[in-house]
Amino acid sequence: MSATVITNIATLVTNDPSLRDPDPLGLVRDAAVVIEGDRVVWTGAASKAPATDNRVDAGGRAVLPGFVDSHSHLVFAGDRTEEFNARMSGRPYSAGGIRTTVAATRAASEAELEATLTRHLAEALRQGTTTFETKSGYGLTVEDEERALRLAARHTDEVTYLGAHVVAPEYADDPAGYVDLVTGAMLDACAPHARWIDVFCEKGAFDGDQARAILTAGRAKGLHPRIHANQLSYGPGVRLAVELDAASADHCTHLTDADVDALANSATVATLLPGAEFSTRAAWPDARRLLDAGVTVALSTDCNPGSSYTSSVPFCVALAVRDMGMTPDEAVWAATAGGAAALRRTDVGRLVPGAYADLVLLDAPSHVHLAYRPGVPLVTGVWRRGVREV
Ligand code: NIG
Ligand code: FE
């Protein structure tokens, strides 16, 4: 198998845990990376790189691990421009808007859903995303949820069953009946296509007891929990995530001290989704408070047509640095190694021998420019599984 060296890298972000102290990003200056097949086989000083058949000159720019977007909702149809317009004129965000997308998604053909999914994935890849999770949740019938997960599984291993996004309109007067469906026939149909199970634990969606019942039923079918928690209000979601050893509690916008303590003493990652606060004009999650308490933080897009219609991890990095108290180093770690931790993966989100060769080349000398130059398309090269795609 022929090897390729990417050399003349001014700043290489490795996220190598063995270099973590004192530098969490494991930065190497004047660096090179060697890839063979779909894996990284060597990283270090360019002057010490082994001889290879192929050579790529990074031109004194920065290379970092491909972004790991551990939270998105990409199987949907239609858009919600009118709802966004109304919000920007002062109307608050409500979970009720989800039903607009449910109606459009049910009415769409499989080919239409696949085309929309593929378009958004290409958009994300151009912006450096090489691993992504995505969810169902806009079908809310057995057939429509199963269809969404089957489509998603063609594109990623990180597929999440979110039948418990909101109560389906047909069950408006019988939420307990809907929970029975989500934990019964719908779970049976969906579990074979998914790795994860998620619940929107929020007023107007599912309460703590319903969420516990749903996640426990999913676990019995081999799915691992993650939770939409504490997005719009204080509530039981974060503590439930910790109780069930969920891989991630997502949003974490409204947290008590007890919530922060629980996260800090757990293996549950707090995944922050600043695209949602941007697009709903809500208060930002307090990343600084979480980091200072010792919580592992991930940053992801939450890409969906309602609360956060962005596929751009660099945009989320810039928001997190500007408005959530993160340093550029912390935000870049959260968008790469943090996302990997939220998916309980160590083979992505870091550039170390043995990891997947998922790399981003920036048209900038360092990763800090992702926050320093917001809105600028700095991603100029993307390798996924060792293949250059951008
Ligand atoms: O993560 N919070 C619940 N679900 C999505 C929003 C979905 C929508 O508004 O369509 C979220 O923000
Ligand atoms: Fe979400």
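Residues numbered from 1 in each chain as written. Chains lettered and ligands numbered in written order. Predicted model: local features only at pLDDT ≥ 70, side-chain atom pairs only at ≥ 80, totals over all residues.

(A) Looking closely at the domain arrangement of the chain. Here the chain is partitioned into domain 1 (3-66 + 350-388) and domain 2 (68-342). Summarising the inter-unit geometry, the C-alpha centres of domain 1 and domain 2 are found 29 Å apart. Taken together, the contact pairs 19 residues of domain 1 with 18 residues of domain 2. Of all elements in the fold, only β4 (54-65), α14 (369-372) and β14 (379-384) reach the threshold of two or more residues within the side of domain 1 that touches domain 2. Broken down by element, the side of domain 1 that touches domain 2 gets its largest block of residues, three residues, from β14. Residue composition of the side of domain 1 that touches domain 2, by class: 13 nonpolar, three polar and three charged. (Domains from an automatic or database assignment. Contact = placed C-beta atoms within 7 Å. Helix = DSSP H or I, 4+ residues; strand = E, 2+ residues; numbered from the N terminus. Nonpolar A, V, L, I, M, F, W, Y, C, P; charged D, E, K, R; others polar.)

(B) The arrangement of the site of ligand 1 in detail. Close to ligand 1 lie G97, I98, T101, F200, H228, Q231, A276, D302, N304, G306, S307 and S308, which account for all nearby residues. Taken together, the residues of the shell around ligand 1 sort by class into three nonpolar, eight polar and one charged. (Near = placed C-beta within 6 Å.)

(C) Main features of the environment of D79. By secondary structure assignment, the location of D79 is in the loop between β5 (67-69) and α1 (81-88). The spatial distance from the C-alpha of D79 to the C-alpha of A220 is 35 Å, given a sequence separation of 141 residues.

(D) A look at the sheet that holds strand β10 (residues 248-251). The eight strands lie next to each other as β5-β6-β7-β8-β9-β10-β11-β12, forming an open sheet whose pairing is parallel. Looking at the sheet topology across the chains shown, the edges are occupied by β5 and β12 (297-299). Averaged over neighbouring strand pairs, the angle between their axes works out to 25° when direction is ignored. Two elements, strand β6 (residues 129-135) and strand β7 (residues 158-164), share three bridges in a ladder whose sense is parallel. Within the sheet, the bridge partner assigned to T134 lies in β7 and is V159. The sheet strands contacting helix α13 (residues 328-342) are β5, β10, β11 (269-272) and β12, and the helix crosses β12 at an angle near 105°. (Pairing = 2+ DSSP bridges. Axes fitted to C-alpha atoms, helices over the stretch in contact; angles between N-to-C directions.)

(E) Here's a closer look at the pairing of strand β3 (residues 39-45). With six bridges connecting them, strand β2 (residues 27-36) and β3 associate as antiparallel partners. Residue pairing for β3: A31 is matched across the bridge by A45. Once β2 ends, the chain turns through two residues before running back antiparallel as β3, passing G37 with a positive phi of about 60°.

(F) Representation of the UniProt feature "binding site: Zn(2+)" (unreviewed entry) in the chain within the structure. As recorded in UniProt, the feature "binding site: Zn(2+)" (unreviewed entry) lies at H71, H73, H228 and D302. Sequence-wise these annotated residues cover 232 residues; spatially they are packed, their C-alpha atoms never more than 12.0 Å apart. If we skip the residues at most four places from it in the chain, H71 touches E133, D250, T271, L273, S300 and D302. Tracing the backbone shows H73 in the loop between β5 and α1. (UniProt positions renumbered as here; feature names shortened; annotations may be inferred.)

(G) Summary view of the environment of G237. If you trace the backbone, G237 turns up in helix α8 (residues 237-243). Along the primary structure G237 and V142 are separated by 95 residues, whereas in three dimensions their C-alpha atoms are 25 Å apart. Filtering out sequence-adjacent residues up to four positions away, G237 remains in contact with C201, A211, I227, A229, N230 and A249.

(H) Main features of the sheet that holds β14. Here seven strands make up an open sheet; going across it, the order is β3-β2-β1-β4-β13-β14-β15 and the pairing mixed. On the outer flanks of this sheet lie β3 and β15 (387-388), each paired with one strand and no other.

(I) Representation of the UniProt feature "binding site: Fe(3+)" (unreviewed entry) in the chain. The sites that carry the UniProt feature "binding site: Fe(3+)" (unreviewed entry) are, in the present numbering, H71, H73, H228 and D302. Exposure remark for H73: the 27 C-beta atoms within 10 Å place this residue in the buried category. If near-sequence neighbours (up to four positions away) are discounted, D302 is found in contact with H71, S72, L273, G275, A276, S307 and S308. (Buried ≥ 20, exposed ≤ 12 C-beta atoms within 10 Å, placed from the backbone.)

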